[in-house]
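If you want the building blocks of each chain, they are given just below.
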Amino acid sequence: EMRVSVAARKLWCIRKQLIVLLVPLLFLPLLFTLPEKEGKCLYVVLLMAIFWCTEALPLAVTAMLPVCLFPTLGILPSKKVCIQYFLETNFLFLSGLLMASCIEEWGLHRRIALKVLSVVGLQPAKLILGMMLTSSFLSMWLSNTATTAMMLPIANAILESLFGDLESLKEKCTSPSDPEHDLIKGPSTVKLCSLPSVATEKQILSEERRTDEVEPSDPRTSEEIRSEAQYQVNVWKGFLICIPYSASIGGTATLTGTAPNLILIGQLKTYFPNCELINFGSWFAFAFPLMFIFLLAGWVWIAFLYGGLSPRLCFKKNERAKAEARAKALIVEEYRKLGRINFAEGSISFFFILFAVLLFTRDPKFFTGWSVFFKKGYVSDAVTGVIIASILFFFPSQRPSLSWWFDSRASNTPYVPLLSWRKAQESVPWNIILLLGGGFAMAKGCEESGLAVWIGGHLQPLAEVPPAAAVMLITGFVACFTEFASNTATIIIFLPVIAELAIRVSVNPLYFMIPATIGCSYAFMLPVSTPPNSIAFASGHLMVKDMVKTGLVMNVLGILCVSLAINTWGVAMFNLTDNPDWAQTIKTTNVPAMHTPLQVLNGTL
């Protein structure tokens, strides 16, 4: 038995190397049993899918496999593969990341967060709503991970002002004789300081929280104290869990908010080059109302589950008033420390608003955009984004002064721009840009090899499912799959299949592709599902069962909200009841004549 366990541990240590060596051998039969090009492309796609899901190789390294495998297997020439790694979509993503770097550099995101929290009020339900609104708004422009890392210490400092120290609350929740004592107390040994950047901010926030006043003796019974402490710990969990969830939801509202949205754009350009319905403006007009509805539904569920909507008071009225006054004072003091908005913050606010407005109004589809002033088809969202991002590298962070020219004693040091290339290199996740490129290369391979059409031929039984039900099934499946794989890898793997399925059943491809893209950002059930979930879990105050219990209902709510959106204003915005010409042209060129498309009643949409 001991030998078996030792061997198992050894195998576990080298599991990634074994996967890299054995999986390619395991799938070799595909090269000889399927049609030549389709079989070779499926071989590469399955290799990449398994390497992405198991992270046997770093995600970015797996994304580069098409560069070596597609040419050597005769699927695509090298010049066609490599060009996929920096399409215009990557430039739009890069410009969004540079804007986010600049916002973080000058602390504008912190000012926005503290301002919103000072406005919403300090009752638990209102504060949870404030946290969720702030996190989702910031996540539309910053990365989900950066938003979560910034908001968690702010939440912890406010909660400590309201309820006191979490460790002492947990002590009050149970007596030493309680059999659950160790269970409740156990996770608390992992403190937030396991995340250095988060802990530092938390220390800054809470350094002046304590007061010297002597607390009066508590007249409540031990059972009342225990009950209220349990309630407060529960509310605390609600705060911790709402931040990563709202960051994931907020990222879906803008094209640059999360990578899967850009994967959709890139793959649409590959499969349906004549489809020009989706751009920054039209996506925002569709996805922002969906995000807001889901956010409110999620808030009601989280506030209900964790006591935020409970009519009971956390503690006596006068104590509650004191605690709320302390928390309010903390927020006001932290905002006061930021001082007045300086020239750099004002400048980045202006460029941030200009960035959003120009992207939104370029060609929003429901009114004439400013792109009509240029040659048709020449100016894209990427052009807009790069223009604004480039300005950040030379626009001064200090107010220019005429007197400097005439003051011989003034310092002659060069001015500091809003964003330096050193900061950009440090903060831009270049691995994600490679991951996007790998997705576009995979899509190109699936199209050129005929694999997408081949898979579509085997999806014929799904044609019997009504499209409205198929949307829910697709969204649900993708949301479940993304719990175990990165959302970018998930959408790269499934989007070609979903596009081909839509063509096979004579449904507008966007009707399936948009819900799938949004659904793969709805990873709420496990700590490993997304980096924001991992950061919240690393605080040590959440258990896996808390995330599973909350996330399961969040997933259901998300699927229902997506179905509502795509079947109401989505149908009207993108004309989803029609099978459009841009999809028909692909169908007639790629699908063999023997496969006549099944007629599906558009009325069911």
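Reading guide: rules and limits
- Residues numbered from 1 in each chain as written.
- Predicted model: local features only at pLDDT ≥ 70, side-chain atom pairs only at ≥ 80, totals over all residues.
- Heavy atoms only, no water.
- UniProt positions renumbered as here; feature names shortened; annotations may be inferred.
- Helix = DSSP H or I, 4+ residues; strand = E, 2+ residues; numbered from the N terminus.
- Buried < 20%, exposed > 50% of the residue type's maximum accessible area, 1.4 Å probe, protein only.
- Contact = heavy atoms within 4.5 Å.
- Areas by Shrake-Rupley, 256 points an atom, 1.4 Å probe, with all protein chains shown as cover.
- Core = buried A, V, L, I, M, F, W, Y, C linked by side-chain atoms within 4.5 Å.
- Phe/Tyr/Trp six-rings, centres within 6.5 Å; stacked < 30°, edge-to-face > 60°.
- Salt bridge = Lys/Arg side-chain N within 4 Å of Asp/Glu carboxyl O.
- Arc of directions from axis to C-beta.
- Axes fitted to C-alpha atoms, helices over the stretch in contact; angles between N-to-C directions.
- Parallel < 35°, antiparallel > 145°, perpendicular 65-115°, else oblique.
- Left-handed = near helix turned anticlockwise from the far one by under 90°.
- Nonpolar A, V, L, I, M, F, W, Y, C, P; charged D, E, K, R; others polar.
- Expected span 1.5 Å × (residues − 1).
- pLDDT = per-residue confidence, 0-100.
- Patch = residues over 30% accessible without salt bridge, like charges linked within 9 Å, V, L, I, M, F, W, Y side chains within 5 Å.

If you look the protein chain up in an unreviewed UniProt entry, it shows as Solute carrier family 13 member 3 from Tetraodon nigroviridis. A UniProt comment under Subcellular location (unreviewed entry) is attached to the protein chain, and it reads "Membrane".

Draft legend 1. Local environment of the overall build of the protein chain. Assigned secondary structure in the protein chain consists of 31 helices and 0 strands. Across the 605 residues that make up the protein chain, the buried fraction comes to 53%. Within the protein chain, residue pairs in contact and separated by at least 24 positions form 80% of the contacts whose partners lie at least 6 positions apart. Of the accessible surface of the protein chain, which amounts to about 27,500 Å², a share of 66% is contributed by carbon and sulfur atoms.

Draft legend 2. Structural detail: the nonpolar core. Core analysis: the largest hydrophobic core is formed by 166 residues, its most contacted members being Ile 158, Phe 272, Ile 302, Phe 512 and Ile 514. With 13 residues, the single largest contributor to this core is helix H17 (residues 280–305).

Draft legend 3. Geometry of the UniProt feature "transmembrane region" (unreviewed entry) in the protein chain. UniProt annotation of "transmembrane region" (unreviewed entry) refers to residues 43–70, 82–100, 283–307, 343–361, 377–395, 470–498, 510–530 and 551–572 when read in the numbering used here. Helix makes up 74% of residues 82–100 and strand 0%, and the two end C-alpha atoms of the span are 27 Å apart. Span residues 377–395 is 63% helix and 0% strand, its end C-alpha atoms 29 Å apart.

Draft legend 4. A look at the packing of aromatic side chains. Under the counting rule described, the total for this entry stands at 26 aromatic pairs. Arranged with centres 6.5 Å apart and planes meeting at 85°, the rings of Phe 137 and Phe 352 form a pair that is edge-to-face. With Phe 137 in helix H10 (residues 124–139) and Phe 352 in helix H19 (residues 343–361), this pair connects stretches of sequence that are 215 residues apart. By relative accessible area, which is 33% here, Phe 137 ends up partly exposed.

Draft legend 5. View of the side chain of Ser 347. With respect to the secondary-structure elements, Ser 347 resides in helix H19. With relative accessibility at 7%, the residue Ser 347 sits in the buried group. When sequence neighbours within four positions are dropped, the list of residues in contact with Ser 347 reads Phe 395 and Leu 418.

Draft legend 6. View of the pattern of salt bridges. This model, assessed by the stated rule, comprises 12 salt bridges. Of the charged contacts, one joins Lys 80 and Glu 448 as a salt bridge, the two residues approaching to 3.6 Å between their closest N and O atoms. Pair noted here: Lys 80 is in helix H7 (residues 78–82) and Glu 448 is in helix H23 (residues 430–449), with a separation of 368 residues, a long-range link. Measuring nitrogen to oxygen at the nearest pair gives 3.3 Å for the salt bridge that ties Lys 269 to Glu 88. Separated by 181 residues along the polypeptide, Lys 269 in helix H16 (residues 259–271) and Glu 88 in helix H8 (residues 88–105) bring together distant segments of the chain. Accessibility expressed as a relative area gives 34% for Glu 88, which makes it partly exposed. It is possible to trace a salt-bridge network through shared partners that takes in Lys 80, Lys 444 and Glu 448.

Draft legend 7. Geometry of helix H6 (residues 65–72). For H6, every residue scored as buried is listed here: Leu 65, Pro 66 and Phe 70. End-on view of H6: buried residues confined to an arc of 90°, all on one side of the axis. The elements touched by buried residues of H6 are helix H4 (36–54), helix H5 (59–63), H7 and H23. Positive phi appears at Gly 74, one or two residues downstream of H6, with a value of about 80°.

Draft legend 8. Layout of unusual backbone geometry. Unusually for a residue other than glycine, Glu 55 sits at a positive phi of about 55°. Using a relative accessible area of 45% as the deciding quantity, one classes Glu 55 as partly exposed. Look at Ser 506: it is not a glycine, yet its phi comes out positive at around 55°. By the secondary structure assignment, Ser 506 is in the loop between helix H26 (487–504) and helix H27 (509–519). Residue classification places Ser 506 among the buried residues on the basis of a relative accessible area of 9%.

Draft legend 9. A look at the environment of Pro 71. The residue Pro 71 is located in helix H6 in this model. Here Pro 71 falls in the partly exposed class, since its relative accessible area comes to 29%. Each C-alpha atom of the pair Pro 71 and Val 81 lies 8.0 Å from the other, and the pair is 10 residues apart in sequence. Look past the residues within four positions of Pro 71 in its chain and what remains in contact with it is Pro 66, Leu 76, Pro 77, Ser 78 and Val 81.

Draft legend 10. Molecular detail of the packing of H4 against H23. One way to put it is that H4 packs onto H23 with a least axis distance of 9 Å and a crossing angle of 155°. If you check the angle between H4 and H23, you find them roughly antiparallel. With respect to the hand of their crossing, H4 and H23 are arranged in left-handed fashion. For the pair H4 and H23, the contacting residues are Lys 37, Glu 38, Cys 41, Val 45, Met 48 and Trp 52 in the first and Leu 435, Gly 438, Met 442, Gly 445, Cys 446, Glu 448 and Ser 449 in the second. Partitioned by chemical class, the residues of the contact of H4 with H23 number 7 nonpolar, 3 polar and 3 charged.

Draft legend 11. How the structure looks around helix H9 (residues 108–120). With 13 residues, H9 extends 19 Å from end C-alpha to end C-alpha; this agrees with the ideal 18 Å at 1.5 Å per step. All of the buried residues in H9 are Leu 108, His 109, Arg 110, Arg 111, Ala 113, Leu 114 and Leu 117.

Draft legend 12. The environment of Arg 504, seen in detail. Structurally, Arg 504 is set in helix H26. Remark: the alpha-carbon pair of Arg 504 and Ala 463, spanning 41 residues in sequence, is separated by 7.4 Å.

Draft legend 13. Geometry of the confidence of the model for the protein chain. Per-chain confidence: the protein chain averages 78 in pLDDT, with 82% of residues scoring 70 or above. Every residue in residues 175–217 scores below 50 in pLDDT, and together they form 55 contacts with partners more than four places removed in sequence or on other chains. Of the regions scoring below 50 in pLDDT, residues 311–315 engages in 16 contacts with residues more than four places distant in sequence or in other chains.

Draft legend 14. A look at a nonpolar patch on the surface. Together, Leu 21, Leu 22, Leu 25, Leu 28 and Phe 32 give the surface a local cluster of nonpolar side chains, amounting to about 560 Å² of exposed area. A per-element tally of the nonpolar patch places helix H2 (residues 15–26) first, with 3 residues. Along the chain, the position of Leu 22 falls in helix H2.

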